[in-house]
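Breakdown of the fold
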Amino acid sequence: MKISICIATYNGEKFISEQIDSILKQIKEHDEIIVSDDGSTDKTLEIVGNFNDNRIKIIHNQGKKGYTPNFQNALKQADGDIIFISDQDDVWLPGKYDVVIENLKNYDLVVTNSKVTDEVLNVTNESFFSIYNSGTGLIKNIICCTYYGCCMAFNRKILNYAMPFPKNTEVSVDLWLGLVGEAVGKVKFIEQPFLLYRRTGSNVTQLGSLMSRSKRPLHMKIYKRLLMLFSILNLTIKYRLGLKKHHQLTKNS
């Protein structure tokens, strides 16, 4: 079984080395780290290349720029049976790899808790889940997303159903993958933290309040949630119709 870890980078020279080092210490020889770069102008790619590890594959995002398109570019290149998503500035805690792989024997997508830290990795909150009341639920997460890509891993089934991603840019890759997991598979939130979730600059002030997570107009927030609801309901209907057809064919064979 091959594992892919997908990282989207852009001018991440300050922290990328710590993140990749923490991942390389846990993955196996046949696994891969897909680094999709969005046109960094600093030393990000030089630092990644200096690891000189054949498990690291650097690709360049040739399409639309931005966080979500860049992650989609990485996911398209992943060959693994299981896929992790990782940000460029966090740090994996020991045991993350093994615990996630073990849980994915019984679930299709898992989300691990994390410890929130400041820029130099001083822990400011022992549980990210406790801040946002993280957990499953289609409507719950459409209203207030508790799926964060840096904490997620899933099997190939989820990725196959999730792609192609909705064309509307209002649909974020993190939430879409989480909702697909709920619609077509089994999801588990793991309470034990396996990540140092680094907060820097103005992001720190956004973490403590659900209302401050977005300053967008109310009508745009409602529009985004309706789009997400429509997209996931459409996928759910297609999935269930496909299952029904499969059962009928199996019964008649």
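Here's a quick rundown of the structure. Quick caveat, the model's predicted, so the values are computed rather than measured.

Section: the overall build of the protein chain
- Across its full length, the protein chain holds ten helices and nine strands.
- Contacts in the protein chain between residues far apart in sequence, at least 24 positions, make up 75% of those at least 6 positions apart.
- Accessible surface computed for the protein chain: about 12700 Å², of which carbon and sulfur atoms make up 54%.

Things to note about the packing of aromatic side chains
- Using the criterion set out here, one finds eleven aromatic pairs in the structure.
- Relative to Trp 92, the ring of Phe 84 has its centre 5.1 Å away and its plane inclined at 40°; by these criteria the two rings are tilted. Each of the two residues, Phe 84 as well as Trp 92, counts as buried.
- Judged by centre distance (6.2 Å) and plane angle (85°), the ring pair of Tyr 148 and Tyr 197 falls under edge-to-face. Taken together, the residues Tyr 148 in the loop between helix H6 (138-143) and strand E8 (152-155) and Tyr 197 in strand E9 (residues 187-198) connect sequence positions 49 residues apart.
- Among the residues examined, Tyr 148 registers a relative accessible area of 17% and is labelled buried.

Observations concerning the nonpolar core
- Core analysis: the biggest nonpolar cluster contains 68 residues, and Ile 33 and Leu 75 have the highest contact counts within it.
- When residues of this core are assigned to their parent elements, the largest contribution, eight residues, is made by helix H8 (residues 173-184).
- Each residue touching Leu 75, except ones within four places of it in the same chain, is listed here: Cys 6, Ile 83, Ile 85, Phe 154, Leu 159, Phe 165, Val 173 and Leu 177.

What to know about the side chain of Asp 87
- Within the element layout of this structure, Asp 87 appears in the loop between strand E4 (82-86) and strand E5 (91-92).
- Among buried charged residues, Asp 87 stands out as having no salt bridge; its nearest opposite-charge side chain is Arg 199, 7.2 Å away.
- Sequence-distant contacts of Asp 87, that is, excluding residues within four places in its chain, are made with Ile 7, Gln 19, Tyr 67, Phe 71 and Cys 150.

Details of the pattern of salt bridges
- Evaluated as defined, the whole model comprises eleven salt bridges.
- In this structure, the salt-bridge partner of Arg 55 is Asp 53, at a minimum N-O distance of 2.8 Å.
- Among the residues examined, Arg 55 registers a relative accessible area of 7% and is labelled buried.
- Through salt bridges with shared partners, a single ionic network connects Lys 2, Glu 32, Lys 57 and Asp 79.

Digging into the state of the cysteines
- A full pass over the atoms with the stated rule returns zero disulfides.
- The structure places no disulfide on Cys 145, whose sulfur is separated from the nearest cysteine sulfur, that of Cys 144, by 7.5 Å.
- Cys 145 sits in the buried class, given a relative accessible area of 16%.
- Of all cysteine sulfurs, the one in Cys 150 lies closest to Cys 151, which takes part in no disulfide; the gap is 3.7 Å.

Here we look at the pairing of strand E1 (residues 3-9)
- When you tally the buried positions in E1, you get seven out of seven residues, the bulk of the element.
- Alternating residues of E1 divide into Ile 3, Ile 5, Ile 7 and Thr 9 and Ser 4, Cys 6 and Ala 8, and every residue in both groups is buried.
- Relative to E4, E1 is paired through five bridges, and the arrangement is parallel. Within E4, the position partnered with Ile 7 by the bridge is Ser 86.
- Viewed along the sheet, the connection from E1 through helix H1 (residues 16-24) into strand E2 (residues 32-37) turns out right-handed.

Brief notes about the pairing of E4
- Most of E4 is tucked away: five of the five residues are buried.
- Side-chain alternation along E4 places Ile 82, Phe 84 and Ser 86 on one buried face and Ile 83 and Ile 85 on a second face that is also buried.
- Where E4 lies against E8, three bridges are found, and the strand directions are antiparallel. Along E8, the bridge assignment pairs Phe 84 with Ala 153.

Rules used throughout
- Residues numbered from 1 in each chain as written.
- Predicted model: local features only at pLDDT ≥ 70, side-chain atom pairs only at ≥ 80, totals over all residues.
- Heavy atoms only, no water.
- Helix = DSSP H or I, 4+ residues; strand = E, 2+ residues; numbered from the N terminus.
- Contact = heavy atoms within 4.5 Å.
- Areas by Shrake-Rupley, 256 points an atom, 1.4 Å probe, with all protein chains shown as cover.
- Phe/Tyr/Trp six-rings, centres within 6.5 Å; stacked < 30°, edge-to-face > 60°.
- Buried < 20%, exposed > 50% of the residue type's maximum accessible area, 1.4 Å probe, protein only.
- Core = buried A, V, L, I, M, F, W, Y, C linked by side-chain atoms within 4.5 Å.
- Lys, Arg positive; Asp, Glu negative; His and termini not counted.
- Salt bridge = Lys/Arg side-chain N within 4 Å of Asp/Glu carboxyl O.
- Disulfide = S-S within 2.5 Å.
- Pairing = 2+ DSSP bridges.
- Right-handed = clockwise from strand over helix to strand, strands pointing away.

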